[in-house]
Amino acid sequence: MTAPLPGGRCLVVGVLNTTPDSFSDGGRFLAPDVAVARGVELVAQGADLVDVGGESTRPGAARVSADEEARRVLPVVRGLRAAGVVVSVDTMRAEVARAAVAAGAVVVNDVSGGLADPAMAATVAELAADVPELRYVLSHWRGPSDVMTSLARYDDVVAEVEAELGARLAAVEAAGVPRERVVLDPGLGFAKVAEHDWALLRDLPRLAGLGRPLLVGASRKRFLGSLLAAGGEVPPAPERDDATAAVSALAAAAGAWGVRVHEPRASAAAVRVAAAWCGPAARHRTEQGPA
Ligand code: PMM
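Now for a quick tour of the structure. Predicted model, so just to flag it, every value in this text is computed and none were measured.

Each helix and strand in the protein chain was counted, giving 11 helices and eight strands. Taken over C-alpha atoms, the radius of gyration comes to 17 Å for the protein chain, in line with the 19 Å a tight globule of 291 residues would show. Dimensions along the principal axes, computed over C-alpha positions, put the protein chain at roughly 45 × 40 × 40 Å. By residue count, 57% of the 291 residues in the protein chain fall in the buried class. A separation threshold of at least 6 residues defines the contact pool for the protein chain, and within that pool the share at least 24 residues apart is 71%. Roughly 11600 Å² of accessible area belongs to the protein chain as shown, and the carbon and sulfur atoms make up 56% of that amount.

The following block contains the structure:
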């Protein structure tokens, strides 16, 4: 058994992409032993769990085969589990989710919210019945990475994301996923431009009104790059970590269950500052979620 996740504060989810082409860490952690070492390092730097992904979701990215995705992810999930790390798998595929849970993952993080693979919801329902601690992260999504930019059209982004997330929550529940296993995610950058991302962050408490805990994935994303651009120069991804930590503090203070970040150190401090600052009020909100 891995140690249970800490309660009473926002969790820090460390990002580990075993892909050649992710926008921020692509190509660095392709070899399984290097990836496992990085996952252990993420925990040493303050991650409460590590989210392992084998398929890039950056805008414009093409899909990889299920076999290739599984080949990238499974040895890393196994290695991290053996090292006592709590593991999440970042996948849109039911068969990869199933294999990763068999290998020890306890969170299925599906950026498509069950839309990319019609088998996902029923598979998660089955896995949830077998694995009591299993959680399903359901993100707001409108379409695959190669077309998502054209889908970033909203009259009222918060109302539409709230409605679309609510509909997906109802759909996965209808397929048998227990409601209390679901964590919702606004899907920052997925079919969204910067003004949409900021509007969603501003209104996190409204999304929390869907009755499920929230995960926020702002780390190094384009909207932070645009915010920090100086003289037309957009800073590269690693230079967006300070802004990422600021988002972590604010998201935690708004009651988020978790923040998903590439460099955990500053966010680990930020979520503790938020917990101390907000006291039991924020704890109460985060404790609505799984511990
Ligand atoms: N963003 C990315 C990948 N997976 N998962 C969740 N739940 N939320 C996100 O915002 C999210 C995600 C984007 O790619 P990255 O792994 O390079 O950050």
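Of note in this structure, Ala191 is not a glycine but carries a positive phi near 55°. Considering the arrangement of structural elements, one finds Ala191 in the loop between strand S6 (182-185) and helix H6 (194-202). Not every positive phi belongs to a glycine, and Arg220 is a case in point at roughly 60°. Along the polypeptide, Arg220 turns up in the loop between strand S7 (215-216) and helix H8 (222-228). On the basis of relative accessible area, Arg220 is assigned to the buried category, the value being 4%.

We now examine the site of the ligand. Around the ligand, a shell composed of 16 residues is seen, among which Asp90, Asn109, Asp185, Lys221 and Arg260 lie nearest. Take Gly217: an N or O atom from its main chain is 3.3 Å from an oxygen atom of the ligand. A distance of 3.3 Å is found between an oxygen atom of the ligand and a side-chain nitrogen or oxygen belonging to His262. For the ligand, whose unbound accessible area comes to 410 Å², protein coverage reaches 96%. At the level of elements, strand S1 (11-17) and strand S5 (135-139) are the ones that each hand at least two residues to the shell around the ligand. Considered class by class, the residues forming the shell around the ligand number six nonpolar, six polar and four charged.

The rules we used
Residues numbered from 1 in each chain as written. Predicted model: local features only at pLDDT ≥ 70, side-chain atom pairs only at ≥ 80, totals over all residues. Heavy atoms only, no water. Helix = DSSP H or I, 4+ residues; strand = E, 2+ residues; numbered from the N terminus. Rg over C-alpha atoms; globule rule 2.2 N^0.38 Å. Buried < 20%, exposed > 50% of the residue type's maximum accessible area, 1.4 Å probe, protein only. Contact = heavy atoms within 4.5 Å. Areas by Shrake-Rupley, 256 points an atom, 1.4 Å probe, with all protein chains shown as cover. Near = heavy atom within 4 Å. Polar contact = N/O pair within 3.5 Å; in protein donor to acceptor, adjacent residues only side chain to side chain. Nonpolar A, V, L, I, M, F, W, Y, C, P; charged D, E, K, R; others polar.

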